[in-house]
Amino acid sequence: MMSICKGKIVLVIGGARSGKSSFALKSADSKTGKKAYIATAQAFDTEMEERIKRHKNERPDDWATLEEPLNIAYALGEAVNKYDVVLIDCLTLWLSNLMHAGRDVDAEIDRFVNFLKDPELRPDKYELFLVSNEVGMGIVPENRLSRQFRDFAGVLNQKIAQVADEVYLMAAGIATKIK
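In this text the structure is predicted, and so the values were computed from the model without any measurement.

Parameters at a glance
- Residues numbered from 1 in each chain as written.
- Predicted model: local features only at pLDDT ≥ 70, side-chain atom pairs only at ≥ 80, totals over all residues.
- Heavy atoms only, no water.
- Axes fitted to C-alpha atoms, helices over the stretch in contact; angles between N-to-C directions.
- Helix = DSSP H or I, 4+ residues; strand = E, 2+ residues; numbered from the N terminus.
- Parallel < 35°, antiparallel > 145°, perpendicular 65-115°, else oblique.
- Contact = heavy atoms within 4.5 Å.
- Nonpolar A, V, L, I, M, F, W, Y, C, P; charged D, E, K, R; others polar.
- Core = buried A, V, L, I, M, F, W, Y, C linked by side-chain atoms within 4.5 Å.
- Buried < 20%, exposed > 50% of the residue type's maximum accessible area, 1.4 Å probe, protein only.
- Salt bridge = Lys/Arg side-chain N within 4 Å of Asp/Glu carboxyl O.

Draft legend 1. Seen up close, the packing of helix H3 (residues 72–79) against helix H5 (residues 105–117). Across the interface, H3 lies against H5 with an axial gap of 9 Å and an inter-helix angle of 25°. Looking at the two axes, H3 sits roughly parallel to H5. For the pair H3 and H5, contact is made by Ile 72, Ala 73, Leu 76 and Gly 77 and by Arg 111, Phe 112, Phe 115 and Leu 116, respectively. Its residues assigned to classes, the contact of H3 with H5 shows six nonpolar, one polar and one charged.

See below:
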C-alpha cells in the first residue's frame, strides 16, 4: 500500500467496483487517531440497502459513521475538530443526491470546493480521504439526465483534484498515484 502523509486531502477515483472504497478505507484505517466516515448513500431500494450494510460491515468498530446525503461541507465542518481521519464516500452519490433533490449542483460543488480551500479548514491535524467515481471514460450516455450527471461528475472530480494533495486512480483493484 502506498504511504499517505498526515495533513493531506487525498482523492481516490475509479470506476464501479474498481476497489476505490476499499483502498481509501484501508489507507485511512492505517492512520492513528479517531476516525469518522461520512456516508452519502441513501437506501432507496433493497439493493442499495445491501450495499450500505456491506460498507458498514467493512468498517472497523472504532469508526464513527456520520450519514449526510446533501450537506457534506457541514458534516465535514463538524468532523474536523473531533476526528483525526475523515473519509467521505462517495462524492458522486452526493452529486446524485443533489440532482435528485433539485439543488443547484454547480453552486453546491463550488461551496464544497471553497470549503476545502479555506486555510482555516485545510487539514493540518487531520487527514481527509475523498472517494469519487470516474464516469467519463465510457460511452456518451443516451439520455439528457445521464449526460448531465456525467458532466457534473467530471467537473466535480477536476475541481476536487485541483485542491487535493494526492490523487489515486483505481483500476482492477490497483491504485496508481496520478498526483
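Draft legend 2. The nonpolar core, seen in detail. Membership of the largest hydrophobic core comes to 35 residues, with the highest contact counts inside it found for Leu 76, Leu 91, Phe 112, Leu 116 and Leu 130. Elements represented by at least two residues in this core include exactly strand E1 (9–14), strand E2 (35–39), H3, strand E4 (85–89), helix H4 (91–100), H5, strand E5 (127–133) and helix H6 (144–163). Here this core gets six residues from one element, more than from any other, and that element is H5. Among all residues touching Leu 130, those that are not within four sequence positions of it are Ile 9, Val 10, Leu 11, Val 12, Ile 88, Leu 91, Phe 112, Leu 116 and Ile 160. Counting 17 residues, the second largest nonpolar core, distinct from the first, contains Ala 24, Ala 28, Tyr 37 and Ala 39.

Draft legend 3. Here's a closer look at helix H1 (residues 20–29). In terms of burial, H1 is a largely internal element, seven of the ten residues being buried. Burial in H1 covers these residues: Lys 20, Ser 21, Phe 23, Ala 24, Leu 25, Ser 27 and Ala 28.

Draft legend 4. Looking closely at the environment of Lys 56. Mapped onto the elements of the fold, Lys 56 is located in helix H2 (residues 46–58). Sequence separation of Lys 56 and Tyr 37 is 19 residues, and the distance between their C-alpha atoms is 9.6 Å.

Draft legend 5. Representation of the pattern of salt bridges in the model. Throughout the structure, instances matching the rule amount to eight salt bridges. Beyond isolated ion pairs, a larger network of salt bridges with shared partners links Lys 8, Glu 166 and Lys 177.

Draft legend 6. Looking closely at unusual backbone geometry. For the bond running from Asp 89 to Cys 90, omega is 5°, close enough to zero to count as cis. Here Cys 90 is to be found in the loop between E4 and H4. Phi at Arg 17 takes a positive value of approximately 60°, unusual for a residue other than glycine. Mapped onto the elements, Arg 17 comes out in the loop between E1 and H1. According to the relative accessible area criterion, Arg 17 is exposed, its value standing at 64%. One non-glycine residue, Ala 172, lies in positive phi territory at about 55°. Examined against the element boundaries, Ala 172 turns out to sit in the loop between strand E6 (166–171) and strand E7 (174–177). A relative accessible area of 76% means that Ala 172 is categorised as exposed.

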